[in-house]
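So the chains spell out like this:
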2 protein chains.
Amino acid sequence: MRSKISNTIKFLSADMIQKANSGHPGTPMGLSDVMSVLMSKIRHNPKNPKWLNRDRIVFSGGHASALVYSYLYLSGYDLDLDDLKNFRQLHSKTPGHPEITTDGVEIATGPLGQGVANAVGFAMAAKYAANLLNEENNEIIDHKIYCLCGDGDLEEGISYEACALAGRHNLDNLVIIYDSNKITIDGSTDIAWDEDVKVRFEAQGFEVARIDGHNFDQIEFVLDETKNKEKPYLIIANTTIGKGALELEGSHKTHGAPLGEDLIKRAKAELKFDPDKTFVVDEDVLFETRSAVEKGDLEEKLWNEKVAKLSDEKKNLLNSLLNPDFSKVAFPDFSGQKVATRDSNGKILNAIAASVPSFLGGSADLAASNKTELKDMGDFPNGKNLHFGIREHAMAAINNAIARYGLFVPFSATFFIFSDYLKCGARLAALMNLRHYFIFTHDSIGVGEDGPTHEPIEQLATFRSMPNFYTFRPADGNENVECWKEALNLGSPCAFVCSRQGLECLPKAVFGSVKGGAYLVKERENAKITLVASGSEVSLCLKAADILQSEDIEANVVSAPCFELLCKQEKSYLDRVFNKNTKVLAVEAASGLEWYKFADEVLGMKSFGESGNANELFKLFGFSDVNVAKIAKELLNS
Amino acid sequence: MRSKISNTIKFLSADMIQKANSGHPGTPMGLSDVMSVLMSKIRHNPKNPKWLNRDRIVFSGGHASALVYSYLYLSGYDLDLDDLKNFRQLHSKTPGHPEITTDGVEIATGPLGQGVANAVGFAMAAKYAANLLNEENNEIIDHKIYCLCGDGDLEEGISYEACALAGRHNLDNLVIIYDSNKITIDGSTDIAWDEDVKVRFEAQGFEVARIDGHNFDQIEFVLDETKNKEKPYLIIANTTIGKGALELEGSHKTHGAPLGEDLIKRAKAELKFDPDKTFVVDEDVLFETRSAVEKGDLEEKLWNEKVAKLSDEKKNLLNSLLNPDFSKVAFPDFSGQKVATRDSNGKILNAIAASVPSFLGGSADLAASNKTELKDMGDFPNGKNLHFGIREHAMAAINNAIARYGLFVPFSATFFIFSDYLKCGARLAALMNLRHYFIFTHDSIGVGEDGPTHEPIEQLATFRSMPNFYTFRPADGNENVECWKEALNLGSPCAFVCSRQGLECLPKAVFGSVKGGAYLVKERENAKITLVASGSEVSLCLKAADILQSEDIEANVVSAPCFELLCKQEKSYLDRVFNKNTKVLAVEAASGLEWYKFADEVLGMKSFGESGNANELFKLFGFSDVNVAKIAKELLNS
């Protein structure tokens, strides 16, 4: 039966890809033997894909999506054969790479390596959840995380980063199954890779087994073995890409293109499937695989009984983790205080974490600089402070999974310049609409002496251009608080771009608020010019407005902590913020191109920064009150 | 004497940082013992920092810049004590992180991990150069590459990626010295790392030695050992961070802040230095270390004699590698051909590589999709095709070093979406103004079925916002050729953002050219609207203009292959391209925010893409001729 289930997966996958005339048959066919056993071993409830104590399967090689959909369909998730026939079609439940809009897909994968780090993130979330919630003789969190990955995932740097952390924390709930087929798109892996993967993982603290990925007994044996390990476990499954695809077996040609109808027919005949039929799932196969539904229902019932036996304290904790309530946070008040926004932000993080059990996070080895230490709240796995090491990329992907786990709201922190290293993780957070916050301190040439390698220029434009992501750059401590309130309200991923240096307090809003993305902090009758800025440049604009006023030129000043929110406002709001009778000058110590959407002129950074005293740098690049006033006058005279 | 040299380095570094009141003393003091021996072992010519056969030292931990400047000063490079006293000051030769504007700095480092990959790149360049240029009994390329790195570098994923390649290619000219001080910013490394680094590097094909990094005999012995290895070599030097800093020895507090005058005085007294003097270099120290100048001069003279003995063929080859001549490239002609620009670009790459010996490159395992195979030109280390494996980040950093080596002009290729993984490498190419080309294919929702994880949206904005970088998105084959001519002319890093799908041929330019970044391909008398686009959207705009014309609305159409070049044009050029009597509508299947600089309205992507047929996606997101015409009319009526 296993063999028949495996072959059913092979041909469902091949048929999907052939019908779509697009896709990747090699991996689904190479992994179908492993998958047919794995699906019999996992604990999940296809009718409730959100059941908290389910085992998670992460398919890191998202291009093997036909394998994912075959598995989900056979297990009884909310997919039918028509969905499989719509593979890779617009608005189908079966897109080219798995997306979380499909029931049973734990996390969106596609860019290689992400899934391995996501799996580590799920394992970390489960480990912490177990420490929080389990009671003696009543372990309500005891599930496993399985990750299927390939050569590409393990060549990517992010996989080493994440697995180093998995080893450090002895994540014994993590099982990585490495589909070692020795084939990449350009040919044999050995054109670029001859690493000893077993030794590599042992160096990182894993226990490693090597099996024939087409031998059912070995697969079963090794999966049973994973139950009682004290370390994370790597299974190296030696497989043949495109297994069952006759003359194309083992060829990189099976990786990314349909096999062709003729070959599929001959392959089916060879394995005793009807060559003239497509999308065939025999009753006996379905009877066997769909037993997952009944089994899952029972598992969840038993689990609910365990939850019912929890102490009230644990029950309340579980409830508050499932339903984070941000309404009771006692936000600090920074009125009258000149603070660096990294400092105010650190206090806000502590206030949220103190009141919301779900809220946790950490930095890529810059906690003291990012001001992200959650004081007296302990370290993972027994507390809320996550130490990611110097691994920005893994941090983002791990926290994506922690956000997706179901109990936690994480933040990731580093210098803004190193957002370059984690960009793809932030993008996937946006694509999945995860509640994952990014703390980016040292936000501009204000970094000063560390120089241009450490001074962000184009990073604001990058994040502002990314869909479904909100980039807050607060101008003082209280605006920082308001930004957090709005961010928590949005529920989407957000970044907080904070200064290293102290920032003056803004005057009260004259019109609008942070909710509008930008608002007037100074409004004058007969204003001729509007100065708009974010972060450290807002107080600069207020000073420039004073200079202009002394020369009888009235200026409005707009603080714009969130460009993306501003873009969402109605015309009436925009027309009030940017008075039509004024010319608009945007001032930002960044590339600033996006400001042309609202501004007639932009004073931004046209080059990389320099190493030197921060105040000198601001002056050098034109960010002085005198120069802002001068450019404003030039704009008025142009 | 070694001890005195080492202590001189310690206190020069401590003094620099104290005077600047900013910097990182821990690593310079911890590594001064290693450095004092290493500097006596290397072959270089301080008076000619460009000598081709010099050993390269890469300081991957760029924050240890005080160590770099101490070494350069003591060796006789173009730095004097006043330069050291100006450490981290604006426009000094001694910026916070090393930059290539300082003689003797091989490559700019700062973001951790980059330098390790740079070192692998230098080693690859040297290996290939040796294969090209050396003759029997006359090896003109036989130098070493030394890389000093720390815990942070080795935690970053890019270091694993690069070292996997170093092992695969048995780069026996590479010596990595790992400053293992067990300290990171957040405290002891073991809060996030307990990897067995020796085993890890052995798994990747390195030979590994472990030494006491404060024992001069061991340091000398192991450096002498490196001479005759058949594998890349890792030296794990166990060190104490801040060695010599008394009570702060071994503390993470020495990492990123000055030690304080009092402590420095006491430390000097302890090591028999005058506590009241700063920036002291005794004559005997200088006599010893500056012998590098005479030695280097002699080494270079001997080398010149070897070069003189080369065959004419090799001499000519060396000359053409040193002076790449792009003027004789036989560019292909794509007139009348509907081609995907990834295809035209592939032909152009082959034409350049066939005619210019310096020109080489490769892909991160997507050569067939990126169309970057250089046909019949062999594989590294015996040919021009570099196979980077699935390692975008290492690829960019390796090619930065290959570009910086002095003989080669490399390209890096991947899907545009995976530019997210290599962003920091591209940024450093821009910062150093390296001739390094990036080939980014599959440029938009035109990717189609692979879906939103694979469809770039914000990537054009990212690169366009980055200083000193040129992003070309050609609209047809011949424009692709013109873009390359301009790119080769610029000499700065450039990206070519190419389509997966075939693109129609454009009409001839009416006014302007690729040199201007944008030019008119259609100009009508009494035009009311200008449609501006890049890449696949240019022909769409031409069709929309026809629709508008059929409704008696005249439209100009602008093809804009390079936004950055357009930004550099004078007003007269811009006024001709964007006729003042027209409204301007920009059309681009990307976020497109930057187009507001020139446009009144932008039709761009406001969300992530979808998985489906590419043509359907273009329509879904409004990129149809009918919709462009409709939006143009709305703009005219607004």
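Summarised in this report is the structure supplied together with it. The residue count restarts for each chain, going from 1 along the sequence in the order it is written. Throughout, the order in which chains and ligands are written sets their labels, letters from A for the former and numbers from 1 for the latter. Totals for whole chains, interfaces and linings use all residues, but because this is a predicted model, local features are given only for residues with pLDDT of at least 70 and pairs of side-chain atoms are given and counted only at 80 or more. The basis for the side-chain values is all heavy atoms of the structure; hydrogens and waters are excluded.

**With respect to the packing of aromatic side chains**
Side-chain rings of Phe, Tyr and Trp (the six-membered ring for Trp) are treated as a pair once their centres are within 6.5 Å; stacked means planes under 30 degrees apart, edge-to-face means over 60, and tilted covers the remaining angles. By the definition in use, this model includes 59 aromatic pairs over all chains. Ring geometry for Trp 484 of chain A against Phe 496 of chain A: centres 4.1 Å apart, planes inclined by 5 degrees, an arrangement best described as stacked. In this pair, Trp 484 of chain A is assigned in helix H19 (residues 477-490) and Phe 496 of chain A in strand E14 (residues 494-498), connecting sequence segments twelve residues apart. Neither Trp 484 of chain A nor Phe 496 of chain A differs from the other in exposure class; each is buried. One aromatic cluster is present, formed by Phe 359, Phe 411, Tyr 437, Phe 472, Trp 484 and Phe 496 of chain A through successive ring pairs. Positioned over the ring face of Tyr 160 of chain B is Arg 200 of chain B, at 3.4 Å from the centre of the ring. Counting from the N terminus, the helices are the DSSP runs of H or I reaching at least four residues and the strands are the DSSP runs of E reaching at least two. Burial classes: relative accessible area under 20% of the type maximum marks a residue as buried, over 50% as exposed, and values in between as partly exposed (1.4 Å probe, protein chains only). Working rule: Lys NZ or Arg CZ, within 6 Å of ring centre, within 35 degrees of ring normal, means a charge sits over the ring.

**Regarding the pairing of strand E3 (residues 174-180) of chain B**
Looking along a regular strand, one sees side chains alternate from face to face of the sheet. Residues and elements named next belong to chain B. Of all seven residues making up E3, seven are buried, and the element is well covered by its neighbours. What you see with E3 is no split at all: Leu 174, Ile 176, Tyr 178 and Ser 180 on one side and Val 175, Ile 177 and Asp 179 on the other are buried throughout. Here the rule is simple: two strands pair whenever DSSP picks up at least two bridges between them. Strand direction decides the pairing type here: strand E2 (residues 145-150) and E3, joined by six bridges, are parallel. Across the sheet, residue Tyr 146 finds its bridge partner in E3, namely Val 175. In the sheet, E3 pairs with strand E7 (residues 233-238) via six bridges, with the strands oriented parallel. Of the residues in E7, the one forming a bridge with Ser 180 is Asn 238.

**Some remarks on the interface of chain A and chain B**
Interface size, as often reported, equals the accessible area lost upon joining of the parts. The contact definition used throughout considers only heavy atoms, calling two residues in contact when any of these lie within 4.5 Å. In this assembly, 93 residues from chain A lie in contact with 93 residues from chain B. Here the quantity called buried area is the total loss of accessible area, with a 1.4 Å probe, experienced by two parts when brought into contact, counted for both. Each partner contributes to the roughly 7,900 Å² buried at the junction of chain A and chain B, and carbon and sulfur atoms together form 57% of this total. The largest per-residue losses of area from chain A upon contact with chain B belong to Tyr 421, Arg 427 and Phe 608 of chain A, which jointly make up 9% of the total buried on that side. Salt bridge, as used here, is a side-chain nitrogen of Lys or Arg placed within 4 Å of a carboxyl oxygen of Asp or Glu. Between chain A and chain B we count ten salt bridges in total. In this structure, Arg 391 of chain A and Glu 155 of chain B form a salt bridge, with 3.7 Å as the shortest nitrogen-oxygen distance. Counted as a polar contact is a pair of N or O atoms within 3.5 Å, where, for protein atoms, one must be capable of donating a hydrogen and the other of accepting one, and residues adjacent in sequence contribute only when both atoms are in side chains. At the junction of chain A and chain B, the tally comes to 48 residue pairs in polar contact (both at pLDDT 80 or more). Broken down by secondary-structure element, the contributors of at least two residues to the side of chain A that touches chain B are helix H6 (151-155), helix H7 (157-168), helix H8 (197-203), helix H15 (367-370), helix H16 (392-405), helix H17 (419-432), helix H18 (459-464) and helix H23 (614-620) of chain A. Only Asp, Glu, Lys and Arg are considered charged in this grouping, and only Ala, Val, Leu, Ile, Met, Phe, Trp, Tyr, Cys and Pro are considered nonpolar; every other residue, Gly among them, is considered polar. Taken together, the residues that form the side of chain A that touches chain B break down as 37 nonpolar, 28 polar and 28 charged.

**Some words on helix H16 (residues 392-405) of chain B**
Residue and element names in this part refer to chain B. Its 14 residues place the ends of H16 20 Å apart at the C-alpha level, agreeing with the 20 Å of an ideal helix rising 1.5 Å per residue. In terms of burial, H16 is a largely internal element, 14 of the 14 residues being buried. Just downstream of H16 lies Gly 406, where phi reads positive at about 120 degrees. By this rule, a helix spans an expected 1.5 Å times one less than how many residues it contains.

**As for the sheet that holds strand E3 (residues 174-180) of chain A**
Residue and element names in this part refer to chain A. Taken together, the five strands give an open sheet; going across it, the order is E1-E2-E3-E7-E6, and neighbouring strands pair in parallel fashion. Both outer strands of the open sheet, strand E1 (56-59) and strand E6 (207-212), are each paired with one neighbouring strand and no more. Between one strand axis and the next, the sheet turns by 20 degrees as a mean value, whatever way the strands run. Judged from the four bridges that link them, E1 and strand E2 (residues 145-150) form a sheet pairing that is parallel. For Phe 59, the partnering residue across the bridge sits in E2 and is Leu 148. Here an angle of 0 to 180 degrees is reported between the N-to-C directions of two axes, which are lines fitted to C-alpha atoms, with helices fitted over the stretch in contact. Docked against the sheet, helix H2 (residues 26-41) engages E1, E2, E3 and strand E7 (233-238), running at close to 160 degrees with respect to E2.

**Focus: the relation of the copies chain A and chain B**
Superposing the copies works by least squares over the C-alpha atoms of residues that have pLDDT at least 70 in both of them. Mapping chain A onto chain B calls for a screw motion: a turn of 180 degrees about the axis and a shift of 0.0 Å along it, with 0.0 Å RMSD after fitting. Taken together, the rotation and translation relating the two chain copies correspond to the operation of a two-fold axis. Residue Gly 157 of chain A of chain A places its C-alpha closer to the rotation axis than any other residue of that unit, at 1.8 Å. Mapped onto chain B, 100% of the interface residues of chain A are again interface residues, and the two copies thus contact each other with one and the same surface.

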